[in-house]
Amino acid sequence: MAAKKKTKVVPLSVGDKTIPPEGAKMIPIYVMGKRYIIPETLTLMKAIEYVGYKYTRGCGCRGGICGACGTFYRFEGDYKLRTGLACQTVAEENMIIAQLPFFPSNRPNYDLENQKGTPHEELRALYPEVFKCVGCGTCTRTCPMDIDVMDYVALMKRGDLRGAAQKSFDCVMCGLCASRCPAQISQFTAAMYVRRVTGKKIFPKAEHLTNRVEEINTGKYAKMHKELAEKGKEELKELYVKREREPDMSEQGKWLPEDKENL
Ligand code: SF4
Ligand code: SF4
Ligand code: FES
């Protein structure tokens, strides 16, 4: 029997960008189809940088909020296609990774001030494809935020836009759901429309916000802003640290600061 050929594994060095934890196990991964060796504790984003790529797109907050880093991956020898955010998913042995820097989606123009129909009628006109959902659930299985995307699409179809707005609230707009939809629905941009129209026309108006905007527009805070703008960095830092803060568990809408001069 022929001896198994040994592959010499040489870790890549890319200067001081990522310092692998001491003693970290080195594992193979594939980035854009090429094999690299990385420390096992890195996120996919750090792993991609570690092997020598530099981000100019597809990276934003690095904290799971901006949705810029949607990523597809498979494990070698496994048929299952998986998804995650590159900044939140930890690299594992034999991952085959391709990051999706952008996904083209349906983004029609609309003007919430000048809509003729009901919000549901407008949704049908702007995103007719939403009503072609076949209920396959692929979007829900794809979402890295564990949002039940199929369910919010169903709520949109039924006309429960308020429900759809609430259900889609944690969406980070990564576009992964839309990339796999057999009905070619851009669920996330349709949901953005639904949240906008819900805020504009369905939720009750926030009176206190209207009052505060009015106060700002009439110059109530102009003097305070001017005084703050004239302060130095250190003074501002001190003010910030010493500010009165709402206790973590205070009852919603009940807490008021001692100093009410600027309310
Ligand atoms: S709903 Fe779609 S766009 Fe939003 S986070 Fe989930 S997969 Fe990403
Ligand atoms: S992937 Fe598309 S067709 Fe399937 S449930 Fe989601 S929205 Fe509907
Ligand atoms: S970089 Fe913002 S979610 Fe990953």
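Preceding this section is the structure that the text describes.
Predicted model, so just to flag it, every value in this text is computed and none were measured.

> Mind showing me how you'd approach the site of ligand 2 here?
The immediate surroundings of ligand 2 are formed by 15 residues, with Cys133, Cys136, Cys139, Met150 and Cys181 found nearest. Of all elements in the fold, only α3 (138-142) and α4 (149-158) reach the threshold of two or more residues within the shell around ligand 2. No other element matches the three residues that α4 contributes to the shell around ligand 2. Residues that form the shell around ligand 2 fall into these classes: 11 nonpolar, four polar and no charged.

> Looking at this structure, how should I read the pairing of strand β4 (residues 82-85)?
Side-chain direction in a regular strand flips from residue to residue, so the side chains alternate between the two faces of the sheet. By the bridge criterion, four bridges tie strand β3 (residues 70-75) to β4 in an arrangement that is antiparallel. Residue pairing across strands places Phe72 opposite Thr83, the latter belonging to β4.

> Before we go on, may I ask you to explain unusual backbone geometry in this structure?
With glycine set apart, most residues show a phi of negative sign, and most peptide bonds adopt trans. Backbone geometry at Met32 places phi at a positive 50°, although glycine is not the residue there. Relative to the helices and strands, Met32 resides in the loop between β1 (26-31) and β2 (34-39). You can call Met32 exposed: it has 12 C-beta atoms within 10 Å.

> I tried to follow the site of ligand 1 on my own but got confused; where do I start?
Neighbouring ligand 1 are 15 residues, the closest being Cys143, Cys171, Cys174, Cys177 and Phe188. If you list the elements that add at least two residues to the shell around ligand 1, you get α6 (176-179) and α7 (187-202). Grouping the amino acids of the shell around ligand 1 by side-chain chemistry returns 11 nonpolar, four polar and no charged.

> Can you help me understand the packing of α4 against α7 in this one?
Across the interface, α4 lies against α7 with an axial gap of 11 Å and an inter-helix angle of 50°. The angle between α4 and α7 places the two elements in the oblique class. Between α4 and α7 the crossing geometry is left-handed. Of the residues in α7, those touching α4 at Val149, Tyr152, Val153 and Met156 are Gln187, Ala190, Ala191 and Val194. A class-by-class count of the residues in the contact of α4 with α7 yields seven nonpolar, one polar and no charged.

Parameters and conventions
Residues numbered from 1 in each chain as written. Chains lettered and ligands numbered in written order. Predicted model: local features only at pLDDT ≥ 70, side-chain atom pairs only at ≥ 80, totals over all residues. Near = placed C-beta within 6 Å. Helix = DSSP H or I, 4+ residues; strand = E, 2+ residues; numbered from the N terminus. Nonpolar A, V, L, I, M, F, W, Y, C, P; charged D, E, K, R; others polar. Pairing = 2+ DSSP bridges. Buried ≥ 20, exposed ≤ 12 C-beta atoms within 10 Å, placed from the backbone. Axes fitted to C-alpha atoms, helices over the stretch in contact; angles between N-to-C directions. Parallel < 35°, antiparallel > 145°, perpendicular 65-115°, else oblique. Left-handed = near helix turned anticlockwise from the far one by under 90°. Contact = placed C-beta atoms within 7 Å.

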